[in-house]
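# A structural walkthrough
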There are 2 protein chains.
Amino acid sequence: MPHTLESLRADYDALKARGLSLDLTRGKPSAAQLDLSNGLLGIDLSDDYRDAAGTDLRNYGGADGVLELRQIFAEVLGIPVAQLLAGNNASLQFMHDTLVHALLHGVPGGEPWVGQDVAFLCPSPGYDRHFALTESFGIRMISVPYLADGSLDLPAIAEHLADPAVRGMWLVPTYANPTGSVVDEATARALVALPAAAGDFRIFWDNAYAVHHLTEAEPAPLDILGFAAEAGNPDRVFVYASTSKITQAGAGVSFFASSPANVAWFREHASVQTIGPDKLNQLRHARFFRDAEGVRALMRRHRELLAPKFALVDRVLGEKLSGRATWTKPAGGYFVTLYAPDGTAARAVQLAKGAGIAITPAGAAYPYGDDPRDSVIRIAPSLPPESELEPAIEALALCVLLAEAELGAPTR
Amino acid sequence: MPHTLESLRADYDALKARGLSLDLTRGKPSAAQLDLSNGLLGIDLSDDYRDAAGTDLRNYGGADGVLELRQIFAEVLGIPVAQLLAGNNASLQFMHDTLVHALLHGVPGGEPWVGQDVAFLCPSPGYDRHFALTESFGIRMISVPYLADGSLDLPAIAEHLADPAVRGMWLVPTYANPTGSVVDEATARALVALPAAAGDFRIFWDNAYAVHHLTEAEPAPLDILGFAAEAGNPDRVFVYASTSKITQAGAGVSFFASSPANVAWFREHASVQTIGPDKLNQLRHARFFRDAEGVRALMRRHRELLAPKFALVDRVLGEKLSGRATWTKPAGGYFVTLYAPDGTAARAVQLAKGAGIAITPAGAAYPYGDDPRDSVIRIAPSLPPESELEPAIEALALCVLLAEAELGAPTR
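Note that this is a predicted model, so its numbers are computed, not measured.

Analysis parameters
Residues numbered from 1 in each chain as written. Chains lettered and ligands numbered in written order. Predicted model: local features only at pLDDT ≥ 70, side-chain atom pairs only at ≥ 80, totals over all residues. Heavy atoms only, no water. Axes fitted to C-alpha atoms, helices over the stretch in contact; angles between N-to-C directions. Helix = DSSP H or I, 4+ residues; strand = E, 2+ residues; numbered from the N terminus. Parallel < 35°, antiparallel > 145°, perpendicular 65-115°, else oblique. Left-handed = near helix turned anticlockwise from the far one by under 90°. Contact = heavy atoms within 4.5 Å. Nonpolar A, V, L, I, M, F, W, Y, C, P; charged D, E, K, R; others polar. Buried area = accessible area lost by both parts, 1.4 Å probe. Salt bridge = Lys/Arg side-chain N within 4 Å of Asp/Glu carboxyl O. Polar contact = N/O pair within 3.5 Å; in protein donor to acceptor, adjacent residues only side chain to side chain. Phe/Tyr/Trp six-rings, centres within 6.5 Å; stacked < 30°, edge-to-face > 60°. Lys NZ or Arg CZ within 6 Å of the ring centre and 35° of its normal. Buried < 20%, exposed > 50% of the residue type's maximum accessible area, 1.4 Å probe, protein only.

### With respect to the packing of helix α12 (residues 292-321) of chain B against helix α14 (residues 386-408) of chain B
Residues and elements named next belong to chain B. Remark: α12 packs on α14, axes separated minimally by 9 Å, with the N-to-C direction vectors making an angle of 30°. Here α12 is positioned roughly parallel relative to α14, judged by the angle of their axes. Classified by chirality, the crossing of α14 by α12 is right-handed. Contacts between α12 and α14 involve Pro308, Lys309, Leu312, Val313, Arg315, Val316, Leu317, Lys320 and Leu321 on the former and, on the latter, Glu386, Leu389, Glu390, Ile393, Glu394, Ala397, Val400 and Leu401. In the contact of α12 with α14, the residues fall into 11 nonpolar, no polar and six charged.

### A short note on the interface of chain B and chain A
The partner chain A presents 56 residues to the 56 residues of chain B that form the contact. Summing the contributions of chain B and of chain A, the shared interface buries around 4500 Å²; its carbon and sulfur component is 55%. It is Leu41, Arg58 and Tyr60 of chain B in chain B that bury the most area against chain A; as a group they hold 17% of the surface buried on that side. Counting the contacts that link chain B with chain A gives two salt bridges. Its salt-bridge partner being Asp35 of chain A, residue Arg58 of chain B comes within 2.8 Å of it at the nearest N-O pair. On the surface where chain B and chain A come into contact, there are 28 residue pairs in polar contact (both at pLDDT 80 or more). Mapped onto the side of chain B that touches chain A, the elements with two or more residues apiece are α2 (31-35), α3 (38-41), α5 (91-105), α6 (128-136) and α11 (279-289) of chain B. At nine residues, the largest contribution of residues to the side of chain B that touches chain A is made by α5 of chain B. When its residues are assigned to classes, the side of chain B that touches chain A shows 25 nonpolar, 20 polar and 11 charged.

### Some details on the packing of aromatic side chains
Given two aromatic rings, one states the distance between the centres and the angle between the planes to describe the pair. All names here are of chain A. One pass over the structure, following the stated rule, counts 34 aromatic pairs over all chains. Relative to Phe266, the ring of Trp265 lies with its centre 6.5 Å away and its plane at 65°, an arrangement referred to as edge-to-face. One aromatic cluster is present, built from ring pairs that chain together Phe94, Trp113, Phe120, Trp170, Phe204, Phe238, Tyr240, Phe256, Trp265 and Phe266. The positively charged end of Arg58 is found above the aromatic ring belonging to Tyr49, 3.7 Å away from the centroid.

### So, the side chain of Thr187 of chain B
All names here are of chain B. Inspection of the secondary structure puts Thr187 in helix α8 (residues 185-193). By relative accessible area, which is 14% here, Thr187 ends up buried. Contacts of Thr187, omitting those with residues within four sequence positions, involve Leu152 and Leu154.

Spatial relationships are all this shows, so hold off on functional conclusions.
Here's what the structure looks like:
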């Protein structure tokens with residue numbers, strides 16, 4: 001039975017009357033997920049504060065991070081340990097610092113970016129905090145829409161790279177935020193081989209969800225640094241990762257990796273900025289994981305908690321929006337992207353807010369908040385329990401339908 | 001009996017023959033000092049990860065830091081808690097970030113510094129890492145020598161402030177690195193009241209040794225933010241502090257404080273750079289200290305370990321160099337400054353190195369490494385045990401005497 005504007009309005013009024021207060025905005029782990037790593041918080045280092053080489057990790061120094069932990073993540077991420085640095089709790093800080101060093105000092109082989117016309121390619125929809133970073137520095141952002149099948153538009157990217165202003169590109173290669181897109185090997189090899197007018201062009205390869213699988217398929221991370229070297233562009237890629245969605249979101253360890261030349265460059269500038277990261281938290285993580293398999297085993301326990309939530313979202317959207325909207329069915333990561341009918345996303349989010357359901361602002365997944373079709377709604381299912389997630393998705397679906405019905409209704 | 005060049009050379013050859021390997025370079029806490037906070041490393045947060053307000057500190061968020069810990073250090077540092085942010089493990093990072101935000105965005109009331117002629121006043125001798133930061137950003141450094149009594153040269157500072165290029169000033173107000181100088185209230189009030197041609201002039205008030213007393217006198221930190229507000233220049237001062245030399249040097253908590261306008265400015269730029277500091281380490285610190293008195297009590301135990309080392313340095317220098325050199329007798333902090341005869345510091349450090357004694361490079365305490373009198377040698381007594389400290393200081397004294405004797409000797 002098709003909905004009428006009147007029946008949808010009545011349903012919406014009933015929804016409002018329920019006085020819900022639900023939040024689907026951020027990709028935060030749930031308390032149950034954080035509980036998986038509570039063992040980390042009980043590790044006693046009071047008599048165990050040396051690394052395998054015998055260095056007292058309580059003191060200053062050790063800018064590269066604790067070797068034991070770097071070895072574990074070198075295996076997890078498929079990166080040579082000498083090219084992998086471990087930092088403090090936020091990979092966003094590593095990205096920020098890379099941008100700052102590039103702006104003020106220039107990357108190897110380039111001049112400082114500050115004062116120049118610098119542009120970044122932004123596959124969209126993408127991660128709002130990436131865009132906030134580049135926007136804050138006045139870097140011009142060029143939206144490059146994903147293709148309908150979720151893959152990168154390589155011809156468009158190739159065309160943009162002919163512009164010498166294009167110095168960077170954001171990319172979440174695995175289970176992208178928010179589309180769940182995965183860059184395959186052929187695309188990765190193409191990306192690092194494309195001719196670029198700017199000799200200092202860099203891909204900011206944010207592998208935030210490298211091991212965050214929602215299915216039993218657990219593909220290994222691509223050897224992007226190896227591909228870049230083979231393509232003759234060894235310095236093209238900065239790699240980022242973290243344990244924020246592996247252990248404790250606010251108290252994990254972040255990683256930076258790149259070519260030997262880029263790592264030397266980063267280390268040089270980092271050396272005036274800090275006397276080293278918190279090595280005790282890194283040691284705690286090494287003790288907690290034991291080895292790379294420890295990381296993978298933990299991620300399977302996350303999957304047990306997350307997969308049912310994603311299944312729930314898919315089921316409810318199917319029940320409520322089948323034929324009216326489309327959405328992603330990601331094999332990993334933290335988000336579902338709902339493609340609402342064109343011109344309805346902002347209104348649907350507004351309606352949801354009015355009914356007590358907080359949704360990431362429409363447009364947030366686009367540079368400058370500009371979703372040209374006003375269609376994308378990012379759903380973050382991880383934080384709420386299923387008992388809250390189900391009514392929240394039902395409510396959101398109703399808001400999408402009402403927004404669509406309003407479009408066809410005479411102006412009030 | 002006066003030394004002869006020949007007898008000093010013989011002594012030096014004997015020293016070399018001992019094959020020592022001693023290090024007086026960095027102001028690192030000793031293992032015994034770090035042991036004082038081993039209890040911190042055993043705190044079990046696995047069932048205790050909420051702040052007093054009930055917030056789960058394992059997750060993202062909480063950009064200002066954990067309130068309980070900020071309250072403790074608000075009392076320790078004499079700063080309103082609303083104006084005090086707690087960060088990760090390095091106050092140097094806060095200083096770096098302040099400079100970066102100032103360069104790229106400008107401080108409140110000012111334009112971005114980048115691309116402008118920007119100069120910093122550097123009371124000298126000072127902290128080499130301060131100077132490395134400003135030098136890395138191409139900020140022009142103007143050395144302002146301390147007066148003979150260790151106080152700031154206010155007339156010289158006032159004169160420099162007539163230059164609109166002067167946007168900043170480094171200052172370690174309490175037990176300065178390396179002179180041990182202490183800024184008194186009258187000087188502090190004068191500093192924040194001086195007319196400055198640059199409306200966005202800022203003092204980087206690095207209170208790294210605020211509670212690091214070597215005597216039983218424990219003066220409270222000056223209310224520098226209050227003084228600045230009273231003087232009508234509320235935004236003039238950025239305050240930094242950390243627990244690096246209170247708990248674990250590499251895994252402590254850093255602090256940033258300033259006027260409400262400056263804190264809002266810093267918070268705005270930090271919000272694109274991180275989703276918050278490691279709050280669990282902050283909670284661990286709050287649990288460990290309990291309260292401000294807990295911090296002070298811990299610092300008394302540090303004093304018990306440090307004061308004898310400073311007494312040893314003073315005694316040996318007195319025995320070996322009385323009448324030939326002068327040196328500071330600090331009431332706190334981490335350093336003794338030895339004023340060797342003019343023109344001998346670099347040579348003495350070189351001789352010491354040849355005998356296996358690592359000393360901070362001569363000149364390091366000056367901007368651009370330029371000690372105009374080639375006199376200052378920074379001694380860091382904290383790290384080595386007294387059994388190593390005594391021969392190291394004896395050896396250094398011998399090297400100073402030999403360098404002096406060489407000066408008067410015919411050119412070889």
